[in-house]
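One letter stands for each residue in the lines below.
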Amino acid sequence: MKAARLVGPQKFEIVDVKDPVPGDKNCIVKLERWSICGSDIRHEYGTVFQEEHYPLEAGFPCHELVGSIVESRSDLWAEGQRVIVIPHLGANGLTEYTEALPNRMIPIPDEGDAGDWLMCQPSGTVLYALQETGVLLGKRILILGQGPIGLSFTAICARSGARQVIAADLHNYRLEYSRRFGATHSINPTAEPLDEAVDTITEGEMPDITIEAAGYPDTLAAAIRLVKVGGTIVMFGQQPNSADGQMAPLDAKELLYKNAKLRSTAASQSGDVVTHIKTMVELRQRGWWDPAEMITHQLKFRDLQTAYDMYQQREDEVIKIMMQA
């Protein structure tokens, strides 16, 4: 089968690799759509490894996948079913076929484009984080970062009855999406001081909940600094690799005197990687919110080099790229 492999810093090649063989109770899925996550860029594609580290393992990095089961050794899954796949350790996504474990697949409806349903995967992880955070109704919420994850936070908080949904990002085109998805206020810190804007919007009350959805040290520091006394800080964005020489700052004194709750949320470490995505599929199916509205670009799998470069460099007002076979 065909697969993509990183053969040098930010350089893909398409190679031939062996087809996967399913283990007992597992399935083989023919992949139809692939999407890029910011963590793929930050932790693998955008990292320059030592020369001897290349080439990387074929199929790496990608974990947002959808396709159809072509071989099943599980009583739970039938051949022909369309599924979102959460890759297990050792199964990488930039391939024609992948082995899928029965507890790491999410069924999707037969109707509609498979790529549209795939957007329930990243938005489902946001749903998990907010379920762990608690009641959103009537709360003032600040979301730092308005990439696909931040926009998902914005949309879900707005639909969950938040009193204020304040979206902050350095790119105006992303803030336009924020307002479309339900943000009550938007801030571009390059145009106005972030702290002053949040203070004005909340009339000095400050946010009940601050959400770090960008993955940078400065945004985590802002989430701690701007939350109200007794509030909740949600840490979602993945921080840079230690190889980058950057460590997220933690002002322990400020955190202590805020009496704030610091809530780290990683759905992949929850012990249940599918339920929140299933819920997001059901919510989309009944018209609650359609995360597929974040897809801005469609490319072929063979053009994945262009796709990864575009996503990394934020070209052409990209939000989310969908690649298809």
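Conventions adopted
- Residues numbered from 1 in each chain as written.
- Predicted model: local features only at pLDDT ≥ 70, side-chain atom pairs only at ≥ 80, totals over all residues.
- Heavy atoms only, no water.
- Helix = DSSP H or I, 4+ residues; strand = E, 2+ residues; numbered from the N terminus.
- Rg over C-alpha atoms; globule rule 2.2 N^0.38 Å.
- Areas by Shrake-Rupley, 256 points an atom, 1.4 Å probe, with all protein chains shown as cover.
- Axes fitted to C-alpha atoms, helices over the stretch in contact; angles between N-to-C directions.
- Parallel < 35°, antiparallel > 145°, perpendicular 65-115°, else oblique.
- Left-handed = near helix turned anticlockwise from the far one by under 90°.
- Contact = heavy atoms within 4.5 Å.
- Nonpolar A, V, L, I, M, F, W, Y, C, P; charged D, E, K, R; others polar.
- Buried < 20%, exposed > 50% of the residue type's maximum accessible area, 1.4 Å probe, protein only.
- Arc of directions from axis to C-beta.

A. A look at the overall build of the protein chain. From N to C terminus, the protein chain includes 10 helices and 15 strands. Taking 325 residues into account, the globule formula puts the C-alpha radius of gyration at 20 Å, and the protein chain, at 20 Å, falls close to it. Dimensions of the protein chain along its principal axes, counting C-alpha atoms only, are 60 × 45 × 35 Å. Counting every atom, the protein chain has about 14500 Å² of accessible surface; 48% of that belongs to carbon and sulfur.

B. Structural context of the packing of helix H3 (residues 120-133) against helix H4 (residues 148-159). Close contact between H3 and H4 brings their axes to 9 Å; oriented N to C, the two are set at 55 degrees. Taken together, H3 and H4 sit at an angle that is classed as oblique. The crossing of H3 and H4 is right-handed. Here H3 contributes Pro122, Ser123, Thr125, Val126, Leu127, Ala129 and Leu130 to the contact with H4, which in turn contributes Ile149, Ser152, Phe153, Ile156 and Cys157. When grouped by side-chain class, the residues that make up the contact of H3 with H4 number nine nonpolar, three polar and no charged.

C. Molecular detail of the packing of H3 against helix H9 (residues 275-285). H9 packs onto H3 with a crossing angle of 110 degrees between their chain directions and a minimal axis gap of 8 Å. Relative to H9, the element H3 is oriented roughly perpendicular. For the pair formed by H3 and H9, the contact residues are Cys120, Gln121, Ser123, Gly124, Thr125, Leu127, Tyr128 and Gln131 on the first element and His276, Ile277, Thr279, Met280, Val281, Leu283 and Arg284 on the second.

D. Looking closely at helix H7 (residues 217-226). The buried count for H7 comes to seven of 10 residues, which makes it a mostly enclosed element. Where H7 is concerned, the buried positions are Pro217, Thr219, Leu220, Ala222, Ala223, Ile224 and Leu226. Contact partners of the buried residues in H7: strand S8 (140-144), helix H6 (194-201), strand S11 (209-212), strand S12 (232-235) and helix H8 (252-258).

E. View of H9. Every buried residue of H9 is accounted for by His276, Ile277, Met280, Val281, Leu283 and Arg284. Within H9, the buried residues cover an arc of 165 degrees as seen down the axis, which keeps them to one side. In this structure, the buried residues of H9 make contact with strand S5 (82-85), strand S7 (105-107), helix H2 (114-118), H3 and H4. Positive backbone phi, at 85 degrees, marks Gly287, one or two positions downstream of H9.

F. Examining unusual backbone geometry more closely. Pro55 follows Tyr54 through a cis peptide bond whose omega is 0 degrees. Within the element layout of this structure, Pro55 appears in the loop between helix H1 (38-45) and strand S4 (64-72). Note the cis peptide between Phe60 and Pro61, where omega equals 5 degrees. Within the fold, Pro61 resides in the loop between H1 and S4. Not every positive phi belongs to a glycine, and Asn259 is a case in point at roughly 50 degrees. Positionally, Asn259 belongs in the loop between H8 and strand S13 (261-264). Among the residues examined, Asn259 registers a relative accessible area of 58% and is labelled exposed. Even without a glycine there, the phi angle at Arg314 is positive, about 55 degrees. Assignment of secondary structure puts Arg314 in the loop between helix H10 (304-313) and strand S15 (320-324). The partly exposed category is assigned to Arg314, whose relative accessible area is 33%.

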